[in-house]
Amino acid sequence: MGSLSELLSKEGFVPHHSKSKSNSSRKNSKHNRTVSASDHDSISLPIYICHNRKNFEQPKHKKTSSIVSSKTRTSSISSEPAIDAIATKAVISILSAYAGKYIKDKDFRDSLREKCCSCLVRRINNGVSDNGIFANMELGIESVEKLIDNPGTVKELRMKSLRNSIGFLTIVASLNSKESRNATTCGTPNSYLSACAQLYLSIVYKLEKNDRICARHVLQVFVDCPKLARTHLLPDLWDHFFLPHLLHLKIWFDKQVSDDYSKDQEEYVTKAYEDHMDMGTIQFALYYKEWLKTGGQPPDNLPSVPLPSSNLSSATRRRRSSSLNNFLHRSIFGNTFEKQPSTVFDSVAMEQTEDEVCLDDYSVNQQHNVKSSRAHLRKATSLPSIQPDYTRFLPCQSLQTEPQMTKSRVVTFTTSSDLTRAISTIASSQSLPECETAIRVITKAWLDDSSIEKTLSNQPVIEGMLEVLFSSNNEEILELVISLLTEFVTRNESNGIIILNVDPQLDGFMNLMRNSSLFLKAATLLHLVKPEAKQMISLEWIPLVLRVLEFGDQTQTLFSVRCSPQVAAYYFLDQLLTRFDQDRNLENGRQVISLGGLNLLLRRVAVGDIVEKTRAVFVIYCCILADGRCRHYLANNLNPELILELLVGANELDINETVVSLLVELICLNRFEQRIKLFEKLLKGWDCLNTMQILLVCLQRTAREKRPLVAAIMLQLDLMGDPLKCSVYREEAIEAIYEAFNHHICNENVQEQAAKSLLILGGRYAYNGTLEVEKWILKEAGFDESLEGGFHGRYYVVEGSKCVNEDNAIEHWQRKAAMALWISGGSRLIMAFGEAIANGIPCLARASLVTVAWMSKFVHTAGDNDILESVEFSALITRLRECLNRDNAIEERVLASFALLSLSKSSGFLFEILDDEKKEMIVHLRNISKVTWTAKKLVSTIAGSPSRRHPGQ
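Remember, it's a predicted structure, so these values are computed and weren't measured experimentally.

## Quick look at the overall build of the protein
On a plain count of helices and strands, the protein comes out with 49 helices and 4 strands. The burial tally for the protein puts 55% of its 953 residues in the buried class. Taking the intrachain contacts of the protein between residues at least 6 apart in sequence as the baseline, contacts between residues at least 24 apart amount to 76%. When the accessible surface of the protein is totalled, it reaches about 41700 Å², and 49% of it is carbon and sulfur.

Laid out in structure tokens, this is it:
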């Protein structure tokens, strides 16, 4: 495979030529680094697909304004022209060509299978079930290979094989636990399984000639397991497609390994390099995936992958050096040193170990750093009587180190003008030790008199404090700065805007959040600043926030401000799970699950107050939306009494909508036995209160949009009793559903929820909670063998087949539900179904048609002939006949034929249909008789019914 630019040239892509202006020069950082930004910028950057080569061949020499700006530096690509259609075609062609090579080259095919098999080996064989994951993977691969080996397969069989392949591989790909270090299946990392499944899915879509979807699946391989993809599965593709974007990392690494490092330092540099390569691969894979999703136009911002902090090893080496080394250094160079760029400021980030990101990493030092005593704070900020040892800062500051000079400089801060000098130092000094001493002076002054707020809370001072906050490794100083900034932000929100402007991508705050001693205080300050989701794009935010939630029970006292870190954690989770685009929201939700967040959230629901319980319930609800399979774990581990408690309390706090949403999702369990166990737990009630009474009050007080869903829950629980015995709860539930059909008093949102409640009553769910009653009816009608048109592009995956007893139990439940609706709903509900089918919004019309179809199978349970002979029933029959028209979707025609055939067995409506109408029905039915047996059966039934001529003939 040629270089990226060559591949683009083959696709006819000619880069645009545009003038680009370099960004205005930035002011010098107060604490410069040894490896300056110019070193970074001088690297010859890769040729991005959407840019002119000339823009990147000329090195730029710029200095960064601060430690923050250097980390969040964005390239000057925003002014470049947008990618055109030719480039889009080129990207798709490059990515899908790899899958195409699999189809054409048998050696390549065998090699790829061998690669996948080598990393999908069962490493644990202790009888633990893999839930058929490995079998699904093997069946998916075999199905793909058979399609390639037998290209002349009949179209129908080929389509069925493609669907089966997608079904098997989707089960495996849905593991998608790429961020979980411990998630495995029989010892094999789930990320390996998911990446291999995504790779074969790309081949399936290549066979289906859907190159765009094929390319997106190839990109997903690099998202799920970047290291495996770039080093083992698809190294050639990575070299030519991703590496041009990440060349600066490779050049940096080559330069670092050439230095004289110890073994530990070399291992650290290697790990930092590998982590940044993986991070960059994921970012660019997501970038191109989003681009191909939208088509034509790329996302607004091209990912910018920063270099690892290059001076960590040097700083670490200096800190570990003995006092003898310091003596030798002074002996050679003397006590006065030349001004050198800073190297300490990257040490905070670089000293973080992998364990510090884990949820269970909690240091006992946290207790030491909780200083709620004002007297203790005063003591901490008092000036030292003994000269402090600043020699550890020698390589990163411009301070002359002769003892007398240093001492005189510190002593000047104890004069009457010490506050003025401290403010000036913070705003302008290039010496980190001077700034740290100034922080002590400012803190002492603040504790003595907080009326100096206007003097301190201005942009230069706040920016200077942030420089110290993101540069110092003195935890005492860091805590003082966090406390001061918290005071400033609490008193004036505009100060929070200044902080966000200095650290727009929150890189500095991320370093603080990694700190095992200060992460709770840092989270508290960040919460007060109110960052938005677009500033929290790093994949590391989820584990950092979960750690705050895990250990944030204790209220943090920051001078006069008391804040809860857990409140901050819930704010961050809300941003991360709801404020991105849908794909990223779901991805973050899956990451919460994979990191064990559900277990943590369940504990918070159990011990928190009602406000925290509701917040935790909302996060759990978001997790279910991200991966519906987790509902089974929740159904087994979430105490239903807590849900009922929230419903009772939420009636007063007007926050019950979240609780209702969670409860609706929890009951959508595909295993009937598990569903019944949940119903039994719910019916036990809470604190001497009857569950049905709690739900009835909830139904009356909740918002109109949620009433149909509450009604569906009530009706399901009511069916646990006698279906022939109508209760007040059943009547109220059916009444609420009926009211939702009235478009005069209910808006479209209410009717959408009514449609969902009807599908829930159907009682058929996939393992991930998808409502599958429509799919079940179509299968009953024999339509599932001919889904080429109706379900093109949609594939339903069900893990295994349910046993006969399970299916019979669900059908028995449906019979009870149908009986309740026929009897208690009566003519009014039948009329509502008919009107919705004819004139309702699309989703409600479809849901009503589905409901009538499965209810018609059990119409004989109604027992009341008056219903079947009513005017409303005749109107419903007319609507169903109209659905047979060829203008309707084929699924709707199949559903209508299924309902008409079932109703014909228990009613005499065919006797009321005129001969001309029967002939018209037969014509419509013959158009679908090839795809469903119900149409054939209904044709013969109509043909055998007595004729009825037009009146007057």
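## Digging into the packing of aromatic side chains
If you walk through the whole model with that rule in mind, you get 15 aromatic pairs. With a centroid separation of 5.7 Å and 85 degrees between ring planes, the pair formed by tyrosine 102 and tyrosine 200 is classed as edge-to-face. Here tyrosine 102 is found in helix α5 (residues 85-104), whereas its partner tyrosine 200 is found in helix α9 (residues 190-207), with 98 residues between them in sequence. Note on tyrosine 102: relative accessible area 0%, which makes it buried. An aromatic cluster is present here, built from Phe222, Phe241, Phe242, Tyr287, Tyr288 and Trp291 joined pairwise through their rings. Just above the ring of phenylalanine 580 sits the side chain of arginine 584; from NZ or CZ to the centre is 4.8 Å.

## Focus: the nonpolar core
Counting residues in each nonpolar core, the largest one holds 195 residues, and the members touching the most others are Met465, Leu485, Trp854 and Leu880. For this core, the element with the most residues is helix α43 (residues 804-839), which contributes 13 residues. Ignoring anything within four residues of it in the chain, the contact list for leucine 880 reads Ile837, Leu849, Val852, Ala896, Ala899, Leu900 and Leu903.

## Details of the environment of arginine 881
Along the polypeptide, arginine 881 turns up in helix α46 (residues 871-882). For the pair arginine 881 and serine 897, spaced 16 residues apart in sequence, the C-alpha separation works out to 8.2 Å. Discounting chain neighbours no more than four positions away, the residues touching arginine 881 are Leu900, Ile913, Glu917 and Met921.

## Description of unusual backbone geometry
If you check the backbone angles, lysine 530 has positive phi at about 60 degrees while not being a glycine. Residue placement: lysine 530 occurs in the loop between α28 (519-529) and α29 (541-551).

## Some remarks on the packing of helix α24 (residues 459-471) against helix α26 (residues 493-502)
Across the interface, α24 lies against α26 with an axial gap of 10 Å and an inter-helix angle of 50 degrees. Judged by the angle between their axes, α24 and α26 are oblique. At the point where α24 passes α26, the crossing takes the right-handed sense. Contacts between α24 and α26 involve Gln459, Ile462, Glu463 and Leu466 on the former and, on the latter, Asn495, Ile498, Ile499 and Val502.

## Things to note about the environment of glutamine 582
Turning to its location among the elements, glutamine 582 is positioned in helix α31 (residues 582-594). The spacing of glutamine 582 and alanine 626 is 44 residues in sequence and 9.5 Å in space, taken between C-alpha atoms.

## Concerning the packing of helix α38 (residues 691-701) against helix α40 (residues 728-740)
It is the contact of α38 with α40, at a shortest axis distance of 11 Å, that shows an interaxial angle of 30 degrees. If you check the angle between α38 and α40, you find them roughly parallel. Handedness of the α38/α40 crossing: left-handed. Along its contact with α38, which presents Met692, Gln693, Leu696 and Leu699, the element α40 presents Tyr729, Glu732 and Ala736.

## Details of the pattern of salt bridges
Scanning all chains against the criterion turns up 33 salt bridges. Arginine 603 is the partner of glutamate 550 in a salt bridge, and the nearest nitrogen-oxygen pair spans 2.8 Å. One end of the pair, glutamate 550, is in helix α29; the other, arginine 603, is in helix α32 (residues 597-607), and 53 residues separate them in sequence. Arginine 629 is the partner of aspartate 627 in a salt bridge, and the nearest nitrogen-oxygen pair spans 2.7 Å. With relative accessibility at 19%, the residue arginine 629 sits in the buried group.

## Digging into the confidence of the model for the protein
For the protein, the mean per-residue pLDDT works out to 76, and 73% of the residues sit at or above 70. This stretch, residues 785-802, has a pLDDT under 50; its non-local contacts, to residues over four places away or in other chains, come to 32 contacts.

## What about helix α44 (residues 842-856)?
For α44, with 15 residues, the first-to-last C-alpha span of 21 Å sits near the 21 Å given by 1.5 Å per residue. Among the 15 residues in α44, 12 count as buried, and that is most of the element. Buried within α44 are the following residues: Leu844, Ala845, Ala847, Ser848, Leu849, Val850, Thr851, Val852, Ala853, Trp854, Met855 and Ser856.

## A look at the side chain of serine 431
Along the polypeptide, serine 431 turns up in the loop between α21 (418-428) and α22 (432-448). Residue classification places serine 431 among the buried positions, given a relative accessible area of 3%. A distance of 3.3 Å separates the side chain of serine 431 from the backbone nitrogen of glutamate 434, its partner in a polar contact.

Conventions used here
Residues numbered from 1 in each chain as written. Predicted model: local features only at pLDDT ≥ 70, side-chain atom pairs only at ≥ 80, totals over all residues. Heavy atoms only, no water. Helix = DSSP H or I, 4+ residues; strand = E, 2+ residues; numbered from the N terminus. Buried < 20%, exposed > 50% of the residue type's maximum accessible area, 1.4 Å probe, protein only. Contact = heavy atoms within 4.5 Å. Areas by Shrake-Rupley, 256 points an atom, 1.4 Å probe, with all protein chains shown as cover. Phe/Tyr/Trp six-rings, centres within 6.5 Å; stacked < 30°, edge-to-face > 60°. Lys NZ or Arg CZ within 6 Å of the ring centre and 35° of its normal. Core = buried A, V, L, I, M, F, W, Y, C linked by side-chain atoms within 4.5 Å. Axes fitted to C-alpha atoms, helices over the stretch in contact; angles between N-to-C directions. Parallel < 35°, antiparallel > 145°, perpendicular 65-115°, else oblique. Left-handed = near helix turned anticlockwise from the far one by under 90°. Salt bridge = Lys/Arg side-chain N within 4 Å of Asp/Glu carboxyl O. pLDDT = per-residue confidence, 0-100. Expected span 1.5 Å × (residues − 1). Polar contact = N/O pair within 3.5 Å; in protein donor to acceptor, adjacent residues only side chain to side chain.

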